Amino acid sequence: MKRIIKKYFMNEKFIIRFISLLTVGVISFTLVWFLSYYFLPDGFLKGKAVSSRIVGTEASNTLFAEWGKIAGYNLGAVCLLVLVNLILWFDLFPLGYVTVFGNLTLYSIYMGTNSFMISMPERMAPSLAIFARSGPYEMIGFLLVAAATYNQSRFALAKNSYRITSVPRLSWEQWMGLGFGIAIILLAAWREAIMIMAS
């Protein structure tokens, strides 16, 4: 397992790290979406997430205000992801990987149980129709950010924890991945704002 993690998820090539994260993300998302759709009740997590307390439960008055609210929340999540990535988990991978997969799992449950504060007309069964929504693109953006900042850990959380003193600078490839990830997240927020204002 450790060899697989090092080879694919901690690979020096950005594209290999990203595709590895994306592959696991798609598989886990689809599986949890399927299970939550068929085995969990409608609205299972509605009103239980921290996000509902931060961004509220009602749409803003204007499209730009709604986009700003969603984008602000998601950029805050990006900052949290980068901060968590500063911790290396048992010399295997940055803790941000756990964060981004946790976020992806939550989204799949929200999708399968229609637990959004501004709900869809009905639950969406697992299908390619998901690509008409903004969520998958947000998740891709977060995966890009996680892959781009994989080697920035400052502290190793292990049996004998230690501080990491030699941290490399981000390569141009990592900066591109980080910028592209943030751009996708902002565009996905715009798409989500349009969908909310139209509902």
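Only a predicted model underlies this, so the values are computations on that prediction, with no experimental measurement involved.

Caption draft 1: Geometry of the packing of helix α4 (residues 63-84) against helix α7 (residues 172-198). For the pair α4 and α7, interaxial distance at closest approach is 8 Å and the crossing angle is 140 degrees. For the element pair α4 / α7, the angle class is oblique. Judged by the sense of rotation from one axis to the other, the crossing of α4 with α7 is right-handed. Residues Leu63, Phe64, Glu66, Trp67, Ile70, Ala71, Asn74, Leu75 and Val78 of α4 touch α7, and the partners they reach there are Ile182, Ile185, Leu186, Ala189, Trp190, Glu192, Ala193, Ile194, Ile196 and Met197. In terms of residue class, the contact of α4 with α7 is made up of 16 nonpolar, one polar and two charged.

Caption draft 2: The nonpolar core, seen in detail. Ranked by size, the top nonpolar core spans 42 residues in total, and within it Leu21, Tyr97 and Met111 carry the most contacts. Those elements that place two or more of their residues in this core are α1 (2-9), α2 (14-39), α4, α5 (96-113), α6 (135-148) and α7. Those residues in contact with Leu21 that sit more than four places away from it in its chain are Phe9, Tyr97, Phe101, Leu143, Ala146 and Ala147. One finds Ile70, Ala71, Ala189 and Ala193 within the second-largest nonpolar core, a separate group that totals five residues.

Caption draft 3: Region of the structure containing unusual backbone geometry. Phi angles above zero are rare outside glycine, and Phe90 is one such case at about 50 degrees. Using a relative accessible area of 41% as the deciding quantity, one classes Phe90 as partly exposed. One non-glycine residue, Asn114, adopts positive backbone phi at about 55 degrees.

Caption draft 4: Representation of the environment of Ile109. Here Ile109 is to be found in helix α5. Overall, Ile109 belongs to the buried group, its relative accessible area being 16%. In this structure the C-alpha to C-alpha distance between Ile109 and Asp91, which are 18 residues apart in sequence, comes to 30 Å. The residues touching Ile109, leaving out its near neighbours within four places in the chain, are Val32, Ser36, Leu40, Phe44 and Leu45.

Criteria and cut-off values
Residues numbered from 1 in each chain as written. Predicted model: local features only at pLDDT ≥ 70, side-chain atom pairs only at ≥ 80, totals over all residues. Heavy atoms only, no water. Axes fitted to C-alpha atoms, helices over the stretch in contact; angles between N-to-C directions. Helix = DSSP H or I, 4+ residues; strand = E, 2+ residues; numbered from the N terminus. Parallel < 35°, antiparallel > 145°, perpendicular 65-115°, else oblique. Left-handed = near helix turned anticlockwise from the far one by under 90°. Contact = heavy atoms within 4.5 Å. Nonpolar A, V, L, I, M, F, W, Y, C, P; charged D, E, K, R; others polar. Core = buried A, V, L, I, M, F, W, Y, C linked by side-chain atoms within 4.5 Å. Buried < 20%, exposed > 50% of the residue type's maximum accessible area, 1.4 Å probe, protein only.

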